[in-house]
Every structure is written in structure tokens, then in C-alpha cells.
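# Residue-level structural notes
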Amino acid sequence: MPRTPDGPPPPPSVQRLRMHYTKRGRLRFTSHRDFQRAFERALRRAAVPMAYSAGFSPHPKVSYAGAAPTGIASEAEYLEIGLAERCDPQRLRAELDAALPDGLDVLEIVETPPPPPNVKAASLADLLEASVWEVRLPGVERAAAERAVEAFLAADRAEVSRMTKNGLRTFDARAAVVRVTVGSDQSEVGQQDRADEVPGGGAEGSEAPRCAILQVVVRHVTPAVRPDDVLAGLASIGALTPPTTPAVTRLAQGPLNESAGTVSDPLAPDRDAAGAR
């Protein structure tokens, strides 16, 4: 006969909330596990009435989805939590933002309404179909980046290798790339991150160094194709070898419009539903 924990089961979730947060500055070097620990501490500090799983080792109902790799900044991280008591999303946003370290900034929390009867709710992970990455290449001329991107997009495949927890794995980085654009203008997103890495990046009046900027739309596939995989493909096919470490920021992630090559806001349906109530 299976064992069951003593005592009553934990209370069920009565409210689902989805959270949009950032990973900025030096906090981009935190691993996903580090963030999980920091976030669960913030939940306790803010006295959030979390719903818990059943079993001998209950844990708070938090669903993480599409976390950015360690070392990469992000303006578009998302997670979902289940609460045992209803809370005001705006008040909770302020309390969690105050409880988290600077750089892990909670931008928005929206309530996810229950689905209609006999309809399965779309998971947050299902909505995160693609990401938009900004890749800054200090010391690279725009024309050189354009030539490499043209060669990469014209290729049928771009096989790259990466060490995973299951050993060295080789896969195609080209198929997941929906669109790449090349620019060289300064961007307001992630300026502090770049000032840490680009010589003279924060000095007023200094001459801006050569810096090509790629904006890459990447479809979420298995195995995941990361920005460094795309850069490896650009190096092997387009001979693009930046002299210094690129600075990468995720600008967006969400539903993918295949024909337009754009990524939309994953919280928009919940926000619209809340406005309609």
C-alpha cells in the first residue's frame, strides 16, 4: 500500500499569476539555480501565500520557463506562481521587486484567468515560442557582420558543437534562426551591461568604438539554440571572429509570427482578459 504524508493535503491554488522580470547588470552572471534560490527567499520575505505541491517534500508552485543562459542579460524573463490566497498583482509586484536584489527587477505581474470548462489552459512554456536576442560585437565593422550574416542565412545547415550534461553534442544552429538584422547604432537596452565590457563604454564624450549589432530571432527548439551557437555558426560559415567577448541581451520572448519573423508579448492575452472583466 503506498505511503501518504500525515496530515491534511495543502490548500489548492486559487490564483495563478504570471510575472515578467529582468536580469540586468552583474546579475546576468547568476545561474538559473541562483535565481531560483533568490526568488524563493523573496517570496518568504514578502509573505506571499504560496500554494504548495503535495507529497513528502512540498515545494512552492513556481513554474520557470525559458530562462536565459548564465552570463546573458535579459529584458524578458517569465515565470508563473500559484497562490493559496488571492492577492492584488500590483501590490505583489512592488513587494517582490523590493525583496529581490537590484538587477532582478519585476516589471509586471498579471493574473491568468481560469480556462473555460473542458478546455486545457495553455502553459507559459507553450507561449514562449521564440526569443529576440541583441548581440553586440565590439571591434567588428558593420560590413563584416553583414557579409557573415548573408553567408549564414544562405546556408542550408550550420552544424555547431556544444558540451552538454550528456556530453559533446553536434546540431544545426541555422534551422532555428528565423531572422537576423545588422545595425551599428547605440541601443538604450542594456547600456550598463555594455559599459562593463566595452572600453570607454561609459565615458562621456569618448569616441564610440566600432561595434556591429545583430538582432537575431531564434525559434525555441530542442536542443535549444543559444546566441553563442549562432555566433559559432557565423564563425564557421561567415568567418566572423569578434576580437572581444560579445555582449548579449534578450530583448523579448513569446509567441512567434513566422511570416513576419516577430515575437509578441506572452502576457497580452491575460492582460486583455483582465481588462475585459
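### Side note on the pairing of strand E3 (residues 73–83)
- With respect to burial, E3 is a largely interior element, eleven of its eleven residues being buried.
- Where strand E1 (residues 15–23) meets E3, eight bridges bridge the pair, whose relative direction is antiparallel. Across the sheet, Tyr21 pairs through a bridge with Glu77, a residue of E3.
- Pairing analysis gives four bridges linking strand E2 (residues 62–65) to E3, with the strands arranged antiparallel. Across the sheet, residue Val62 finds its bridge partner in E3, namely Ile81.
- Bridge count for E3 against strand E10 (residues 247–254) is two bridges, and the pairing is parallel. Across the sheet, Ser74 pairs through a bridge with Arg250, a residue of E10.

### Comments concerning the environment of Pro11
- Mapped onto the elements, Pro11 comes out in the segment before E1.
- With relative accessibility at 47%, the residue Pro11 sits in the partly exposed group.
- Separated by 40 residues in sequence, Pro11 and Ala51 have C-alpha atoms that sit 6.5 Å apart.
- With near-sequence residues (within four places) excluded, Pro11 lies in contact with Ala51 and Ala84.

Conventions used here
Residues numbered from 1 in each chain as written. Predicted model: local features only at pLDDT ≥ 70, side-chain atom pairs only at ≥ 80, totals over all residues. Heavy atoms only, no water. Buried < 20%, exposed > 50% of the residue type's maximum accessible area, 1.4 Å probe, protein only. Helix = DSSP H or I, 4+ residues; strand = E, 2+ residues; numbered from the N terminus. Pairing = 2+ DSSP bridges. Contact = heavy atoms within 4.5 Å.

Read these as spatial facts, not as claims about activity.
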